[in-house]
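Close look at the chain arrangement
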Amino acid sequence: MSYIKLNSENIFNEHICCAFSDKKCKDGYEAKKHWLNSQFEKGFVFERLDERAKVFMETVPLKDAWVPVNEANYLYIGCFWVSGKYKKQGHGKKLLENAIIRCKENSIDGLVTIVGKKKFHFMSDTKWLLKQGFEVVDETSDGFVLLVLKLKKSAINPSFKDSVHKQDISTKGCVVYFSNGCPYSEYYINESLVELCKKKKISLEINKIDSLEKAQNSPTPATIFSLFYEGKFITTDISVCIESKFNKLVK
(Lines give C-alpha, C1' and ligand atoms only; values in the text may rest on other atoms or scores of the structure.)
Protein backbone atom coordinates (compact mmCIF):
# COMPACT_ATOMS: atom_id res chain seq x y z
CA MET A 1 0.00 0.00 0.00
CA SER A 2 1.19 3.52 -0.77
CA TYR A 3 1.28 6.68 1.33
CA ILE A 4 0.59 10.27 0.31
CA LYS A 5 1.52 13.63 1.81
CA LEU A 6 -1.04 16.38 1.98
CA ASN A 7 -0.01 19.86 0.86
CA SER A 8 -1.51 23.16 -0.22
CA GLU A 9 -2.31 21.77 -3.64
CA ASN A 10 -4.28 18.69 -2.55
CA ILE A 11 -5.50 19.45 1.00
CA PHE A 12 -9.02 20.45 -0.06
CA ASN A 13 -9.46 17.42 -2.30
CA GLU A 14 -8.12 14.72 0.03
CA HIS A 15 -9.52 13.47 3.34
CA ILE A 16 -7.70 13.97 6.66
CA CYS A 17 -8.57 10.57 8.18
CA CYS A 18 -10.75 11.76 11.08
CA ALA A 19 -14.42 12.84 10.89
CA PHE A 20 -14.61 12.67 7.10
CA SER A 21 -18.12 11.16 7.22
CA ASP A 22 -19.41 12.87 10.39
CA LYS A 23 -21.83 15.55 9.15
CA LYS A 24 -22.22 17.27 12.51
CA CYS A 25 -18.45 17.89 12.54
CA LYS A 26 -18.37 19.45 9.07
CA ASP A 27 -17.29 22.87 10.34
CA GLY A 28 -14.52 21.40 12.48
CA TYR A 29 -13.38 19.22 9.58
CA GLU A 30 -13.01 22.26 7.32
CA ALA A 31 -11.39 24.24 10.14
CA LYS A 32 -8.69 21.58 10.53
CA LYS A 33 -8.04 21.60 6.78
CA HIS A 34 -7.56 25.36 6.83
CA TRP A 35 -5.34 25.04 9.91
CA LEU A 36 -3.22 22.39 8.16
CA ASN A 37 -2.95 24.57 5.08
CA SER A 38 -1.54 27.39 7.23
CA GLN A 39 1.12 25.05 8.67
CA PHE A 40 2.59 23.46 5.53
CA GLU A 41 4.97 26.37 4.87
CA LYS A 42 6.52 25.71 8.30
CA GLY A 43 7.54 22.18 7.35
CA PHE A 44 4.40 20.47 8.65
CA VAL A 45 3.94 17.01 7.12
CA PHE A 46 0.64 15.12 7.11
CA GLU A 47 1.41 11.66 5.73
CA ARG A 48 -1.34 9.07 5.43
CA LEU A 49 -2.20 5.78 3.82
CA ASP A 50 -3.72 6.26 0.38
CA GLU A 51 -6.97 4.64 1.50
CA ARG A 52 -10.18 5.72 3.19
CA ALA A 53 -8.72 4.89 6.59
CA LYS A 54 -7.34 6.36 9.81
CA VAL A 55 -3.66 5.62 9.20
CA PHE A 56 -1.52 8.74 9.41
CA MET A 57 1.22 10.72 11.12
CA GLU A 58 1.69 14.45 11.56
CA THR A 59 5.16 15.95 12.07
CA VAL A 60 6.52 19.49 12.29
CA PRO A 61 9.82 21.03 13.49
CA LEU A 62 9.52 21.46 17.25
CA LYS A 63 10.07 25.23 17.05
CA ASP A 64 6.77 25.50 15.14
CA ALA A 65 4.83 22.81 17.01
CA TRP A 66 1.66 23.87 18.83
CA VAL A 67 2.81 22.47 22.19
CA PRO A 68 4.41 24.00 25.33
CA VAL A 69 7.84 22.39 24.93
CA ASN A 70 11.14 24.26 25.11
CA GLU A 71 12.77 24.61 21.71
CA ALA A 72 15.37 22.06 20.61
CA ASN A 73 16.47 20.59 17.30
CA TYR A 74 13.78 17.90 17.09
CA LEU A 75 10.89 16.92 14.84
CA TYR A 76 7.63 16.83 16.76
CA ILE A 77 5.13 14.01 16.19
CA GLY A 78 1.57 15.22 16.55
CA CYS A 79 -1.38 12.95 15.79
CA PHE A 80 -0.19 9.43 14.94
CA TRP A 81 -2.86 6.79 14.34
CA VAL A 82 -3.22 3.31 12.92
CA SER A 83 -6.72 1.99 13.52
CA GLY A 84 -9.14 -0.80 12.71
CA LYS A 85 -8.24 -3.51 10.23
CA TYR A 86 -4.99 -1.72 9.36
CA LYS A 87 -3.36 -2.53 12.69
CA LYS A 88 -0.46 -4.99 12.85
CA GLN A 89 0.42 -4.56 9.18
CA GLY A 90 3.58 -2.50 9.70
CA HIS A 91 2.03 0.91 8.98
CA GLY A 92 3.10 2.43 12.30
CA LYS A 93 6.70 1.37 11.80
CA LYS A 94 6.68 2.59 8.20
CA LEU A 95 5.34 6.03 9.13
CA LEU A 96 7.90 6.25 11.94
CA GLU A 97 10.66 5.21 9.55
CA ASN A 98 9.60 7.95 7.11
CA ALA A 99 9.73 10.53 9.93
CA ILE A 100 13.26 9.40 10.83
CA ILE A 101 14.28 9.82 7.20
CA ARG A 102 12.93 13.41 7.29
CA CYS A 103 15.06 14.06 10.37
CA LYS A 104 18.22 12.79 8.67
CA GLU A 105 17.51 14.75 5.49
CA ASN A 106 17.17 17.97 7.49
CA SER A 107 19.96 17.41 10.07
CA ILE A 108 17.45 17.14 12.91
CA ASP A 109 18.63 15.48 16.14
CA GLY A 110 15.61 13.24 16.66
CA LEU A 111 11.90 12.87 17.26
CA VAL A 112 9.85 14.11 20.20
CA THR A 113 6.22 13.55 21.16
CA ILE A 114 3.80 13.94 24.06
CA VAL A 115 1.92 10.96 25.49
CA GLY A 116 0.33 9.84 28.74
CA LYS A 117 2.17 7.91 31.42
CA LYS A 118 -0.73 5.54 30.89
CA LYS A 119 -2.54 5.57 27.54
CA PHE A 120 -4.34 8.89 27.09
CA HIS A 121 -7.17 9.21 24.57
CA PHE A 122 -6.28 10.86 21.24
CA MET A 123 -2.56 10.48 22.00
CA SER A 124 -0.01 7.96 20.75
CA ASP A 125 0.56 4.56 22.36
CA THR A 126 3.24 5.05 25.01
CA LYS A 127 4.22 1.39 25.33
CA TRP A 128 4.60 0.97 21.57
CA LEU A 129 6.82 4.05 21.27
CA LEU A 130 9.05 2.89 24.14
CA LYS A 131 9.51 -0.41 22.31
CA GLN A 132 10.66 1.54 19.25
CA GLY A 133 13.47 3.15 21.25
CA PHE A 134 11.85 6.32 22.61
CA GLU A 135 12.82 7.36 26.14
CA VAL A 136 11.22 9.57 28.79
CA VAL A 137 12.91 12.97 29.26
CA ASP A 138 10.24 14.91 31.19
CA GLU A 139 6.86 14.38 32.80
CA THR A 140 4.14 16.31 34.61
CA SER A 141 2.33 15.70 37.87
CA ASP A 142 -0.92 15.02 36.02
CA GLY A 143 0.47 12.21 33.89
CA PHE A 144 1.83 13.71 30.67
CA VAL A 145 5.17 12.40 29.43
CA LEU A 146 7.66 13.82 26.94
CA LEU A 147 9.35 11.12 24.86
CA VAL A 148 12.34 11.43 22.53
CA LEU A 149 14.04 9.20 20.02
CA LYS A 150 17.56 10.54 19.63
CA LEU A 151 19.40 10.18 16.34
CA LYS A 152 22.31 12.18 17.74
CA LYS A 153 23.27 10.91 21.20
CA SER A 154 24.85 14.20 22.28
CA ALA A 155 21.66 16.15 21.50
CA ILE A 156 20.14 18.16 24.33
CA ASN A 157 16.87 17.00 25.81
CA PRO A 158 13.72 19.06 25.21
CA SER A 159 11.49 19.75 28.22
CA PHE A 160 8.04 20.99 29.11
CA LYS A 161 7.75 24.73 29.65
CA ASP A 162 7.11 26.29 33.05
CA SER A 163 3.52 27.02 32.01
CA VAL A 164 2.92 23.27 32.29
CA HIS A 165 4.87 22.54 35.47
CA LYS A 166 3.48 25.61 37.26
CA GLN A 167 -0.03 25.07 35.96
CA ASP A 168 -2.75 26.99 37.82
CA ILE A 169 -6.32 26.15 36.83
CA SER A 170 -8.25 27.77 39.68
CA THR A 171 -11.59 28.29 37.93
CA LYS A 172 -14.45 26.23 39.33
CA GLY A 173 -16.57 23.96 37.15
CA CYS A 174 -15.30 22.89 33.74
CA VAL A 175 -12.36 24.49 31.96
CA VAL A 176 -11.49 23.46 28.41
CA TYR A 177 -8.49 24.13 26.21
CA PHE A 178 -8.70 23.18 22.54
CA SER A 179 -7.50 24.00 19.04
CA ASN A 180 -8.51 23.20 15.49
CA GLY A 181 -5.89 20.46 15.43
CA CYS A 182 -8.86 18.11 15.87
CA PRO A 183 -11.87 18.14 13.51
CA TYR A 184 -14.20 17.02 16.31
CA SER A 185 -13.48 19.93 18.65
CA GLU A 186 -15.72 22.69 17.26
CA TYR A 187 -18.93 20.67 17.52
CA TYR A 188 -18.29 18.69 20.69
CA ILE A 189 -17.07 21.68 22.68
CA ASN A 190 -19.02 24.65 21.35
CA GLU A 191 -22.30 22.80 21.02
CA SER A 192 -22.43 19.52 22.91
CA LEU A 193 -20.40 20.49 26.00
CA VAL A 194 -22.00 23.94 26.21
CA GLU A 195 -25.47 22.38 26.29
CA LEU A 196 -24.47 19.74 28.83
CA CYS A 197 -23.02 22.31 31.23
CA LYS A 198 -26.12 24.46 30.90
CA LYS A 199 -28.30 21.44 31.62
CA LYS A 200 -26.25 20.50 34.69
CA LYS A 201 -25.84 24.14 35.76
CA ILE A 202 -22.07 23.81 35.75
CA SER A 203 -19.91 26.80 34.86
CA LEU A 204 -17.84 26.41 31.70
CA GLU A 205 -14.75 28.31 30.59
CA ILE A 206 -13.68 27.68 26.99
CA ASN A 207 -10.14 28.60 25.93
CA LYS A 208 -9.53 28.31 22.21
CA ILE A 209 -5.87 28.00 21.32
CA ASP A 210 -5.79 29.86 18.02
CA SER A 211 -2.15 30.93 17.72
CA LEU A 212 1.31 29.42 18.00
CA GLU A 213 2.09 31.73 20.93
CA LYS A 214 -0.95 30.55 22.91
CA ALA A 215 -0.15 26.92 22.17
CA GLN A 216 3.49 27.20 23.19
CA ASN A 217 2.52 28.84 26.49
CA SER A 218 -0.45 26.62 27.25
CA PRO A 219 -0.92 25.22 30.78
CA THR A 220 -1.63 21.80 29.26
CA PRO A 221 0.55 19.76 26.88
CA ALA A 222 -2.59 18.44 25.13
CA THR A 223 -3.45 21.55 23.14
CA ILE A 224 -5.85 19.65 20.87
CA PHE A 225 -8.24 19.02 23.78
CA SER A 226 -7.90 19.06 27.56
CA LEU A 227 -10.68 19.15 30.13
CA PHE A 228 -10.25 20.32 33.72
CA TYR A 229 -12.94 19.99 36.39
CA GLU A 230 -12.80 21.79 39.74
CA GLY A 231 -9.20 22.74 39.04
CA LYS A 232 -7.97 19.24 38.24
CA PHE A 233 -6.98 17.76 34.89
CA ILE A 234 -9.52 15.13 33.87
CA THR A 235 -9.03 13.88 30.32
CA THR A 236 -7.88 14.34 26.73
CA ASP A 237 -10.89 12.31 25.57
CA ILE A 238 -13.19 14.61 23.60
CA SER A 239 -15.98 12.02 23.81
CA VAL A 240 -16.46 13.18 27.41
CA CYS A 241 -18.63 15.83 25.74
CA ILE A 242 -21.23 13.09 25.12
CA GLU A 243 -23.91 13.08 27.84
CA SER A 244 -23.43 9.52 29.11
CA LYS A 245 -19.69 10.07 29.69
CA PHE A 246 -20.20 13.58 31.02
CA ASN A 247 -22.66 12.29 33.61
CA LYS A 248 -20.02 9.90 34.93
CA LEU A 249 -17.60 12.82 35.24
CA VAL A 250 -19.90 15.05 37.29
CA LYS A 251 -20.83 12.20 39.60
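Scroll up for the structure.
Here we summarise the structure given alongside this text. (Residues numbered from 1 in each chain as written. Predicted model: local features only at pLDDT ≥ 70, side-chain atom pairs only at ≥ 80, totals over all residues. Heavy atoms only, no water.)

1. Some thoughts on the state of the cysteines
A full pass over the atoms with the stated rule returns zero disulfides. Here Cys-197 is not disulfide-linked; the sulfur of Cys-174 is the nearest cysteine sulfur, at 4.2 Å. Unpaired in this structure, Cys-241 has its nearest cysteine sulfur neighbour in Cys-197, at a distance of 8.4 Å. According to the relative accessible area criterion, Cys-241 is buried, its value standing at 0%. (Disulfide = S-S within 2.5 Å. Buried < 20%, exposed > 50% of the residue type's maximum accessible area, 1.4 Å probe, protein only.)

2. Thoughts on the pattern of salt bridges
Applying the stated criterion across every chain, the model contains 12 salt bridges. Residues Glu-243 and Lys-199 are paired through a salt bridge, measuring 2.6 Å at the closest nitrogen-oxygen approach. On the criterion of sequence distance, the pair formed by Glu-243 in helix α7 (residues 243-250) and Lys-199 in helix α5 (residues 185-200) is long-range, its members being 44 residues apart. (Salt bridge = Lys/Arg side-chain N within 4 Å of Asp/Glu carboxyl O. Helix = DSSP H or I, 4+ residues; strand = E, 2+ residues; numbered from the N terminus.)

3. Structural notes on helix α2 (residues 91-105)
Taking 1.5 Å of rise per residue, the 15 residues of α2 would be expected to cover 21 Å, and the 21 Å separating its terminal C-alpha atoms lies within 8% of that figure. Taken together, the buried positions of α2 are occupied by His-91, Gly-92, Leu-95, Leu-96, Asn-98, Ala-99, Ile-100, Arg-102 and Cys-103. With its phi angle positive at about 55 degrees, Ser-107 sits one or two positions after the end of α2. (Expected span 1.5 Å × (residues − 1).)

4. Some details on the nonpolar core
Residues Leu-62 and Ile-114 are the most contacted members of the largest nonpolar core, which totals 62 residues. Not counting the four nearest positions on each side in its chain, Leu-62 is found in contact with Val-67, Val-69, Asn-70, Glu-71, Ala-72, Tyr-74, Leu-75, Tyr-76, Val-112, Pro-158 and Gln-216. Formed by 21 residues, the second largest nonpolar core is a distinct cluster that contains Leu-49, Leu-75, Ile-77 and Leu-111. (Core = buried A, V, L, I, M, F, W, Y, C linked by side-chain atoms within 4.5 Å. Contact = heavy atoms within 4.5 Å.)

5. Topic: α7
For α7, the set of buried residues is Phe-246, Asn-247 and Leu-249. Axial view of α7: buried residues confined to an arc of 155 degrees, hence all on one face. The secondary structure elements touched by the buried residues of α7 are β8 (174-178), α5, β10 (225-229) and β11 (232-235). (Arc of directions from axis to C-beta.)

6. Comments concerning the layout of surface pockets
Leftover empty space is mapped by rolling, across the atoms, a probe with the size of a water molecule. Here the largest pocket defines a volume of roughly 560 Å³. Taken together, 18 residues line the largest pocket, and the ones lying closest to its centre are Trp-81, Val-82, Lys-87, Asp-125 and Trp-128. When grouped by side-chain class, the residues that make up the lining of the largest pocket number seven nonpolar, six polar and five charged. One number sums up the size of the second largest pocket: a volume of about 200 Å³. Element by element, the count of residues in the lining of the second largest pocket is highest for β11, at three residues. Tallied by class, the residues present in the lining of the second largest pocket amount to five nonpolar, three polar and three charged. (1 Å grid on protein atoms, 1.4 Å probe; cavity = no way out; pocket = protein on both sides within 12 Å on 5 of 7 lines; lining within 4 Å. Points joined across faces, edges and corners; volume = space filled by probe spheres on them. Nonpolar A, V, L, I, M, F, W, Y, C, P; charged D, E, K, R; others polar.)

7. Brief notes about the side chain of Thr-59
The topology assignment puts Thr-59 in strand β3 (residues 55-61). Taking the relative accessible area as the measure of exposure, Thr-59 reaches 1% and is therefore buried. Reaching out from Thr-59, the side chain makes a polar contact with the side chain of Arg-102 at a distance of 3.1 Å. Not counting residues up to four positions away in its chain, the partners in contact with Thr-59 are Gly-43, Phe-44, Val-45, Leu-75, Tyr-76, Ile-77, Ala-99 and Arg-102. (Polar contact = N/O pair within 3.5 Å; in protein donor to acceptor, adjacent residues only side chain to side chain.)

8. Some details on the sheet that holds strand β7 (residues 144-150)
Here seven strands make up an open sheet; going across it, the order is β1-β2-β3-β4-β5-β7-β6 and the pairing mixed. Every interior strand has two partners, whereas the edge strands, β1 (3-6) and β6 (135-139), have only one. Strand-to-strand twist of the sheet, defined as the mean angle between neighbouring strand axes without regard to direction, takes the value 30 degrees. Pairing of strand β2 (residues 45-49) with β3 involves four bridges; the strand directions are antiparallel. Looking at β3, one finds that Arg-48 is bridged to Phe-56. The strands touched by α2 are β1, β2, β3, β4 (75-82), β5 (110-116) and β7; relative to β3, the strand with the most contacts, the crossing angle is about 20 degrees. (Pairing = 2+ DSSP bridges. Axes fitted to C-alpha atoms, helices over the stretch in contact; angles between N-to-C directions.)

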